[in-house]
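Structural overview for review
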Amino acid sequence: MLKTALHFSHQLLTDIVEKGDTVIDATMGNGNDTLFLAKLVDKTGKVYAFDVQKQAVENTADRLGTAYPQASLFLAGHEEINQKLSPVEKIKAAIFNLGYLPKSDKSIITQEDTTIPAMKVVLNRLLPTGRMILVIYYGHPGGEQEKNAVLNFCSQLPQEDFSVLTYQFINQKNNPPILVCVEKK
């Protein structure tokens, strides 16, 4: 059976992330990806998770409890990755869930003016064979604009340096999410 965009994103991460790796959850939301990544990198790795909403940080902290000290949670936008990580720190993977925090204020959304700069930072920090995953939810006001900007940016990446994959169900109603995977060569 075909996987949803979310399940496929986890498969793409599982394929490359190992114990001891450093990874980023660029939009921690309710902490599901942060927890998933923390389990993959184990206690010897590092997860940096970002969100602009206090509720997201609290939800993620509750989900992690004290069992995952390898996760650092930041009440900050993903555009602040360079300010929170060591200048020389490389990463194996990053995941972005673009849109809004489920079951919260739908007027607080990710936007291209912070997402694209954060993507550039992630791509500069990626190790060879590292991956940046974007799950784009766009069925809300402002979502279509961000989706188009992200897809345009990714389609312009040089093929000598990156492979870019898109994955989407095209026969579903209500704007099914689009998964984009960028792998550094």
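A short tour of the structure in this document, coming up. (Residues numbered from 1 in each chain as written. Predicted model: local features only at pLDDT ≥ 70, side-chain atom pairs only at ≥ 80, totals over all residues. Heavy atoms only, no water.)

Examining the overall build of the chain
When its secondary structure is counted, the chain shows six helices and seven strands. Ordered by position from the N terminus, the helices and strands of the chain form the series α-β-α-β-α-β-α-β-α-β-α-β-β. Relative to the globule expectation of 16 Å for 185 residues, the C-alpha radius of gyration of the chain, 15 Å, shows essentially globular dimensions. If one aligns the C-alpha atoms of the chain with their principal axes, the spans along those axes are about 40 × 40 × 35 Å. The 185 residues of the chain split such that 51% are buried. Long-range pairs, those at least 24 residues apart, make up 72% of the contacts in the chain with a sequence separation of at least 6. (Helix = DSSP H or I, 4+ residues; strand = E, 2+ residues; numbered from the N terminus. Rg over C-alpha atoms; globule rule 2.2 N^0.38 Å. Buried < 20%, exposed > 50% of the residue type's maximum accessible area, 1.4 Å probe, protein only. Contact = heavy atoms within 4.5 Å.)

Focus on the sheet that holds strand 3 (residues 71-75)
Strand order in the open sheet formed by seven strands is 3-2-1-4-5-7-6, with mixed pairing between adjacent strands. Single-partner strands in this sheet number two, and they are strand 3 and strand 6 (162-167). Across this sheet, the average inter-strand angle for adjacent strands is 15°, counted without regard to direction. Two strands pair when backbone bridges link them, and strand 6 and strand 7 (residues 178-184) are joined in this way by six bridges, in the antiparallel orientation. Bridged to Phe162 within strand 7 is Lys184. (Pairing = 2+ DSSP bridges. Axes fitted to C-alpha atoms, helices over the stretch in contact; angles between N-to-C directions.)

What about the packing of aromatic side chains?
Between two aromatic rings, the relevant description is the distance of the centres plus the angle of the planes. A full pass over the atoms with the stated rule returns four aromatic pairs. Between the aromatic rings of Tyr48 and Phe74, the centroid separation amounts to 6.3 Å while the plane-to-plane angle is 20°, which identifies the pairing as stacked. Taken together, the residues Tyr48 in strand 2 (residues 46-51) and Phe74 in strand 3 connect sequence positions 26 residues apart. Under the relative-accessibility criterion, Tyr48 is labelled buried at 9%. Three or more aromatic residues joined by ring pairs make a cluster, and in this case those are Phe8, Tyr167 and Phe169. Taking NZ or CZ as reference, Lys43 lies 5.6 Å from the ring centre of Tyr68, over its face. The aromatic ring of Tyr138 is capped on one face by Lys147, whose charged end is 4.6 Å from the ring centroid. (Phe/Tyr/Trp six-rings, centres within 6.5 Å; stacked < 30°, edge-to-face > 60°. Lys NZ or Arg CZ within 6 Å of the ring centre and 35° of its normal.)

Some details on the pattern of salt bridges
Taken as a whole and assessed by the stated rule, the structure comprises four salt bridges. Between Arg131 and Glu183 there is a salt bridge; the shortest N-O distance is 2.9 Å. Highlighted residues: Arg131 in strand 5 (residues 126-136) and Glu183 in strand 7, separated in sequence by 52 residues. Arg131 gets classed as buried once you look at its relative accessible area, which sits at 12%. Its salt-bridge partner being Glu144, residue Lys147 comes within 2.8 Å of it at the nearest N-O pair. Taken together, the residues Lys147 and Glu144, both in helix 6 (residues 143-155) and three residues apart, mark about one turn of the helix. Judged by its relative accessible area of 11%, Lys147 is buried. (Salt bridge = Lys/Arg side-chain N within 4 Å of Asp/Glu carboxyl O.)

Here we look at the layout of surface pockets
Considering only enclosed or pocket space, the largest pocket measures out at about 720 Å³ in volume. Taken together, 33 residues line the largest pocket, and the ones lying closest to its centre are Gly29, Asn97, Tyr100, Leu101 and Pro102. Elements supplying a minimum of two residues to the lining of the largest pocket: helix 1 (5-14), helix 2 (32-41), strand 2 and strand 4 (91-98). Across the lining of the largest pocket, the residue classes tally to 13 nonpolar, 16 polar and four charged. (1 Å grid on protein atoms, 1.4 Å probe; cavity = no way out; pocket = protein on both sides within 12 Å on 5 of 7 lines; lining within 4 Å. Points joined across faces, edges and corners; volume = space filled by probe spheres on them. Nonpolar A, V, L, I, M, F, W, Y, C, P; charged D, E, K, R; others polar.)

Describing the side chain of Ser72
Following the sequence through the fold, Ser72 ends up in strand 3. For Ser72, a relative accessible area of 18% puts it in the buried group.

What about unusual backbone geometry?
Located in the positive-phi region is Thr129, a residue other than glycine, with phi close to 70°. As for its position among the elements, Thr129 is in strand 5.

Function cannot be inferred from these measures alone, as they are strictly geometric.
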